[in-house]
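# Structural overview for review
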Amino acid sequence: MTDVVVTAGDTVEITVGAPTVEILVEASVMGPAGPTGATGPTGPIGSTGPTGATGATGSTGATGPTGATGATGPGVATGGTTGQVLTKVSATDYDTTWSDTLITAATQVHMYVKNGAGVALTKGQPVYISGASGTNILVSLAGAASEATSSKTIGLLEQDLAINGLGYVATEGLLSNIDTAGATAGQSVWLSATLGGKVYGAPPAEPNHAVYLGVVTKANGSTGEITVKVQNGYELDELHDVSAGSPTDGDLLKYVSSTGLWTKSAQSTLSIGQSQVTNLTSDLALKAPKASPVFTGSVTTPLTTAGYVQTSSAGVLSSVASVAQADVSGLTTALGLKAALTADQTFTGTQTLVPGSAITPLIVRAHSSGTANILTAQSSTPTVLAGINNIGQVFTGSTAPLQSSSLNAQLSVKGPTGTSAVPIAIFEQGVTGTGNLSEWRTSGGTTPNVAVTPTGDFLTNNQLMRASTGSAFASIQLLDAGTNKTIFYPASAGLEIINAGVSGMKLATFRSAGNQSADLIQHQKTDGTVLGGYNGIGQIYSGPTTIKGSGVNITAVTYTSATVVTFTYGTVSTANLVAVGQLATVDNTSNLTYRGTWAVTEIGGSSGAWTFKVAGSGFTATASTGGTFALPAQANITASSAGTVGLVVKGVASQSANLQEWQTSSGSVGSRVDANGDFISNGSFYAAGTRILVQQVNSGGEIRFDRQTAATANPGSNQAKIYF
């Protein structure tokens, strides 16, 4: 039962369902508050709350006792005869059989291997040892084209092998039922330059490696036979009496008796005696000696293209390779005006380089182990203003060279020290330029991910982040130059504000101006219609300033089908009070099937004849021109659980204004909850039940109860009055 406070002189009306309903009215004058009564009995236990979150996993318990011994595994294979031995049939555990210890005949020697080639292998293909895996030898296809794939060739496969499959390779002896088409019996078999291939009769030409595989004993496309006998050919430097590793062009072999080896030697180190050259001694006897030769007849000076003839003071001719600087007229003076290229030089005036069309004007080459800058630009002091460091990176504004250990960018721009008013960099558009001032692209991109437009606007196609990984900017201001508005056009998720885990951090702050009159936040439809928001002093509101759509008259109903009906309302001038997806409650139509709450699927019409379609079921084709429709509440509050208060309105200390008010469309207060929590109605009060308790606070006055359907002219007839 709810206490209703009625002020003296007010009228309280109670509407009941029938004349026979009992109305119990209890009225009293409230005196001073009495002492607090004894605590009542404990109420029943409420329903169990929701299960809490799962706690952390506990520590691992102690190891339990050892379990019972398992069943005995399989033992030695049964059977066998005297003298036989147990032999593995396959790699599977316990897969064994009894076999004879005496080998009476052998036609083949083979090796158990694993396919490590990464491709399936075919019977008869030559393979080489390419590695090992545990106890298994890995094999791959052999080929004569390289030392690596030929020198360790071990034989021919006895069967097909899948990738990582296990099987046998015939290393010596007879291999049957293979393809030897194209060969003749008795031909030799050689390793082919093609991986896994064989050739017959002769090895492949050098530089391919010669590896003998065996001899054809039967030529046939499916039942052929090869007697396997692998013999790997040797390189020259693989022979035991030859030392010729890492040869170079022109090297020769000579025998060294002290080592017993044929040894590689360069031509320049070979010593050949004069007597070992045919006719050399007799030919030299016909030549003049260099020391004081005596010539008769005409003498030709023995000069080379790079030599010069020099006459001594004694008249002796001699050949010299160069001419002294002092012997050239004017050379010393001319060289004094030139700058040396091997020492530090200072140039004065303007230096101009005019290269040809295909010539680089200037090449500055760093030392192989140098750390100094390749090029610097200096002031007159001299102070380094800009330059190119030792790894080719351009820098500017630094007083010290930027080394590779501290500079990863290809271009670094640093402001000068002590001149804060000087811009670090200026990007100025040309007079008629239309391109972006700067762009950032991906390695293969043709369009910018970030750009500064010709008008200086900063555009990005992705998130705007600060330097720390995964963190958004802590503070950002985006302003339109004309309206001081920040406008987002999101592609999918809109604007998300996520707290990265800082419990004391505010997610968002909306701060008004000192004389704020406009809303802080508005929620709008696509056409700009305000749906709700926060006003200038932080109060939450819902719906437009004037409540619309409650009890609007329907002027016509158009039947389309049993599931679609169109309603027309023409007494409201404002367009489209109803939105698609909204629920509309229709009442008072002459056709009962049109009454109910329906989902709006389409809106339309024009001023004075707005329409909306609904989706339902069971509509009939009866015409109807009357009725009303109403929209659901602007705010709907649902408690999260049975033990949760759905709405709490709490005043501040010394609250004087009402906690809640219910107003008419004109703003007049109809009912209210005052600062003390008392419910006060300025009009009639209706109770849906059959009993109501009314307490009169102040002495005097009147409480009157009228039956709504009866005339009120005659007191005592369908009326009840209580006087104090």
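Residues numbered from 1 in each chain as written. Predicted model: local features only at pLDDT ≥ 70, side-chain atom pairs only at ≥ 80, totals over all residues. Heavy atoms only, no water.

Bringing the overall build of the chain into the picture now. The number of helices and strands found in the chain is two helices and 40 strands. Relative to its 724 residues, the chain shows a buried fraction of 17%. Carbon and sulfur atoms make up 54% of the accessible area of the chain, which amounts to about 51000 Å² in all. (Helix = DSSP H or I, 4+ residues; strand = E, 2+ residues; numbered from the N terminus. Buried < 20%, exposed > 50% of the residue type's maximum accessible area, 1.4 Å probe, protein only. Areas by Shrake-Rupley, 256 points an atom, 1.4 Å probe, with all protein chains shown as cover.)

What follows deals with the sheet that holds strand β23 (residues 450-452). Taken in spatial order, the three strands make up an open sheet running β22-β23-β24, and their pairing is antiparallel. Each edge of the sheet is formed by a strand with only one pairing partner; in this case those strands are β22 (438-440) and β24 (458-460). Going from strand to strand, the sheet's axes swing by 10 degrees on average, the running direction of each strand aside. In this sheet, β24 lies alongside β23 in antiparallel orientation, the contact comprising three bridges. Looking at β24, one finds that Val450 is bridged to Thr460. (Pairing = 2+ DSSP bridges. Axes fitted to C-alpha atoms, helices over the stretch in contact; angles between N-to-C directions.)

This part takes up the nonpolar core. Here is a general trend for soluble globular proteins: nonpolar side chains tend to be buried in one another's company. By size, the foremost hydrophobic cluster in this structure holds 19 residues, and its most contacted members are Val565, Phe567, Tyr569, Val578, Phe612, Val614 and Phe629. Of all the secondary structure elements, the ones that give two or more residues to this core are β30 (564-569), β31 (583-587), β32 (596-606) and β33 (609-615). Contacts of Phe567, omitting those with residues within four sequence positions, involve Ile554, Ala556, Val557, Val586, Tyr594, Trp610, Thr611, Phe612 and Val614. (Core = buried A, V, L, I, M, F, W, Y, C linked by side-chain atoms within 4.5 Å. Contact = heavy atoms within 4.5 Å.)

We now examine the sheet that holds strand β35 (residues 660-663). Pairing in this open sheet of three strands is antiparallel, and the strands run β35-β36-β37 from one edge to the other. Either end of the sheet is taken by a strand with one partner, and the two such strands are β35 and β37 (679-681). In this sheet, neighbouring strand axes are inclined to one another by 15 degrees on average, regardless of whether the strands run parallel or antiparallel.

At the junction of Glu206 and Pro207, the peptide bond is cis and its omega measures out at 10 degrees in the coordinates. Inspection of the secondary structure puts Pro207 in the loop between β10 (198-200) and β11 (211-218). Phi at Asn177 is positive, roughly 55 degrees, even though this residue is not glycine. Positionally, Asn177 belongs in strand β8 (residues 166-178). For Asn279, which is not glycine, the phi torsion reads 65 degrees and is therefore positive. Its location among the elements puts Asn279 in the loop between β15 (261-265) and α1 (280-285).

Attention now moves to the confidence of the model for the chain. When pLDDT is averaged along the chain, the result is 75, and 72% of the positions lie at 70 or above. In the predicted structure, residues 6-10 sits below a pLDDT of 50 and forms 11 contacts with residues beyond four places in sequence or in another chain. Under a pLDDT of 50 for its full length, residues 399-407 has, in the predicted model, 16 contacts with residues more than four places off or in other chains. (pLDDT = per-residue confidence, 0-100.)

What follows deals with the pairing of β33. With six bridges connecting them, β30 and β33 associate as antiparallel partners. The partner of Val565 across the bridge, within β33, is Val614. Note that β32 and β33 share seven bridges and pair antiparallel. In the strand pairing of β33, Gly605 is matched with Trp610. The turn joining β32 and β33, which pair antiparallel and follow one another in sequence, is formed by two residues; a positive phi near 85 degrees is taken by Gly608.

Here we take up the pairing of strand β12 (residues 224-232). Summarising the sheet, β8 and β12 pair through five bridges and their orientation is antiparallel. Residue pairing in the sheet places Leu174 in a bridge with Thr227 of β12. The sheet contact formed by β11 and β12 spans six bridges and is antiparallel. Looking at the pairing, Val216 lines up with Ile226 of β12. Connecting β11 to the next strand, β12, in antiparallel fashion are five residues.

Applying the stated criterion across every chain, the model contains three salt bridges. One salt bridge in this structure joins Lys229 and Glu172, with 3.0 Å as the shortest N-O distance. Remark: Glu172 occurs in strand β8 and Lys229 occurs in strand β12; sequence separation between them is 57 residues. Among the ionic pairs, Arg441 bridges to Glu439, the shortest N-O distance being 2.8 Å. (Salt bridge = Lys/Arg side-chain N within 4 Å of Asp/Glu carboxyl O.)

This paragraph deals with the side chain of Thr171. Within the secondary structure, Thr171 is located in strand β8. When residues no more than four places from it in sequence are discounted, the contact partners of Thr171 are Val109, His110, Met111, Ile154, Gly155, Val228 and Val230.

On the surface, Tyr234, Leu236, Leu239, Leu253, Tyr255 and Trp262 cluster together to form a nonpolar patch covering roughly 660 Å² of accessible area. Along the chain, the position of Leu236 falls in the loop between β12 and β13 (242-243). What makes Leu236 partly exposed here is its relative accessible area of 49%. (Patch = residues over 30% accessible without salt bridge, like charges linked within 9 Å, V, L, I, M, F, W, Y side chains within 5 Å.)

Along the chain, Ala170 turns up in strand β8. Contact partners of Ala170, with chain neighbours within four places excluded, come to Gln108, Val109, His110, Ile154, Gly155, Leu156, Glu158 and Val228.

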